[in-house]
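Single-letter residue listing:
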Amino acid sequence: MIAQVDKAYIKERPGSALRRIITRLLFEGRPVTTNRRWLNTIVFAHFALEKRLDIWKSVKKPIFIMGTGRSGTTILATLLSFHPQVGLLNEPKAMWHSIYNQEDVNGNYTTTLPAKYHLGASDVNGRTIQTAHRLFGAYSTLTFARRVVDKNPEIVFRVSFVQAIFPDAKFIFLVRDGWDTIRSIASWSEREVVQVNGETHDWWGVDRRKWHIMVKELVMGNLLFAGRESSVQKLERQIDMAAVEWIVTMQAGIAQYQQHPANIYLLNYQDLVQTPQQTLADLLTFCELPQDSQLLQYAQERLSEPTQYKPVALDKSIADLFQRQIESVEKLMQAVS
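Overview of the structure. (Residues numbered from 1 in each chain as written. Predicted model: local features only at pLDDT ≥ 70, side-chain atom pairs only at ≥ 80, totals over all residues. Heavy atoms only, no water.)

A closer look at the pattern of salt bridges
Considering all chains together, one arrives at 16 salt bridges under this definition. Among the ionic pairs, Glu288 bridges to Lys61, the shortest N-O distance being 2.6 Å. Taken together, the positions of Glu288 in the loop between helix 13 (276-287) and helix 14 (293-302) and Lys61 in the loop between helix 3 (39-52) and strand 1 (63-67) put the pair 227 residues apart, joining distant regions of the chain. Classification of Lys61 by relative accessible area gives partly exposed; the value is 29%. The shortest N-O distance in the salt bridge between Lys151 and Glu91 comes to 2.7 Å. You can see Lys151 sitting in strand 3 (residues 147-151) and its partner Glu91 sitting in the loop between strand 2 (86-90) and helix 5 (93-99), a full 60 residues away along the chain. Among the residues examined, Glu91 registers a relative accessible area of 28% and is labelled partly exposed. In this structure, a network of salt bridges that share partners links the residues Glu91, Lys93, Lys151 and Glu154. (Salt bridge = Lys/Arg side-chain N within 4 Å of Asp/Glu carboxyl O. Helix = DSSP H or I, 4+ residues; strand = E, 2+ residues; numbered from the N terminus. Buried < 20%, exposed > 50% of the residue type's maximum accessible area, 1.4 Å probe, protein only.)

Written out as structure tokens, the structure is:
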């Protein structure tokens, strides 16, 4: 599978498939756990050129998919990219690094500059806005996309930052079962880990850069973890670290949803899988995209029940917090259903 598209996607929407390939080559970049990282030289040279040009096209109502990684964000983004009006940027962290160079918590493109999870309106200035609009505008123009979808889970910590750049932005907060999510993260990290020049590259970035920033910024001083900070800092198991990420991501996402209910669509991954046509039809309405029967049919055929994982023992410092967060999410989903 190339650029997240399968044979049925290519057959039904060849134009959208070509758009995905162009996006992959010129806009998305290659993170530390992937091969062909030499493409980053081309990507950043392209960005440097676009940043010097006038804005090609004004981007209207961009759509941002956020949540925890491994929660279904990629398949949701791929389904939306099937829509003839949509161009998908799948975790375009290279682009965002060109817009704001202290966003790289993984160390995909730098480990010398500091980085932070939380970005707000105060981190935005005129140059940030200009650069973002030039790059997003170039993308929209070169791919003939009328609407842009940016799938980037970490946006959940940066909603006000994005809104300061794109005031008419729309957000989709995708939620998947906590156990399924964290066990998928742990499995991915153990499977995809690589050693490069004495560095460990996995889910947690370069030598756990992402984890260290997460603990420092999202755990320390967080009342939810009061009295447990030192224990969390010492966690080593992938499953425990993943649980912490899910807790802080759900905490941030719920807070953002409660602050901006008109601009954030709360989506249950289970609903997407079990009733894809109705769920996506409702989502298209929220995104102000025309209904597309081919998209709904493609989703019906492609989606299947995900692997369901059984609970496992978590470190005692976080086990009860994780369970309480599961209950909080379930309560919210019931309230909005």
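Having seen the structure, we can now continue with the description.
Some remarks on the nonpolar core
Counting 73 residues, the largest nonpolar core has Phe136 and Phe166 as its most contacted members. The greatest single-element share of this core, amounting to twelve residues, is contributed by helix 11 (residues 238-259). (Core = buried A, V, L, I, M, F, W, Y, C linked by side-chain atoms within 4.5 Å.)

As for unusual backbone geometry
Unlike most non-glycine residues, Lys61 shows phi in positive territory, near 50°. A positive phi angle, close to 60°, is found at Arg208, a residue other than glycine. Taking the relative accessible area as the measure of exposure, Arg208 reaches 21% and is therefore partly exposed.

Overview of the packing of helix 4 (residues 73-81) against helix 14
At a minimum axis separation of 9 Å, helix 4 and helix 14 run at an interaxial angle of 145°. Helix 4 and helix 14 meet at a crossing whose hand is right-handed. Where helix 4 approaches helix 14, its residues Ile75, Thr78 and Leu79 are matched on the opposing element by Leu295, Tyr298, Ala299 and Arg302. For the contact of helix 4 with helix 14, the per-class residue count stands at five nonpolar, one polar and one charged. (Axes fitted to C-alpha atoms, helices over the stretch in contact; angles between N-to-C directions. Left-handed = near helix turned anticlockwise from the far one by under 90°. Contact = heavy atoms within 4.5 Å. Nonpolar A, V, L, I, M, F, W, Y, C, P; charged D, E, K, R; others polar.)

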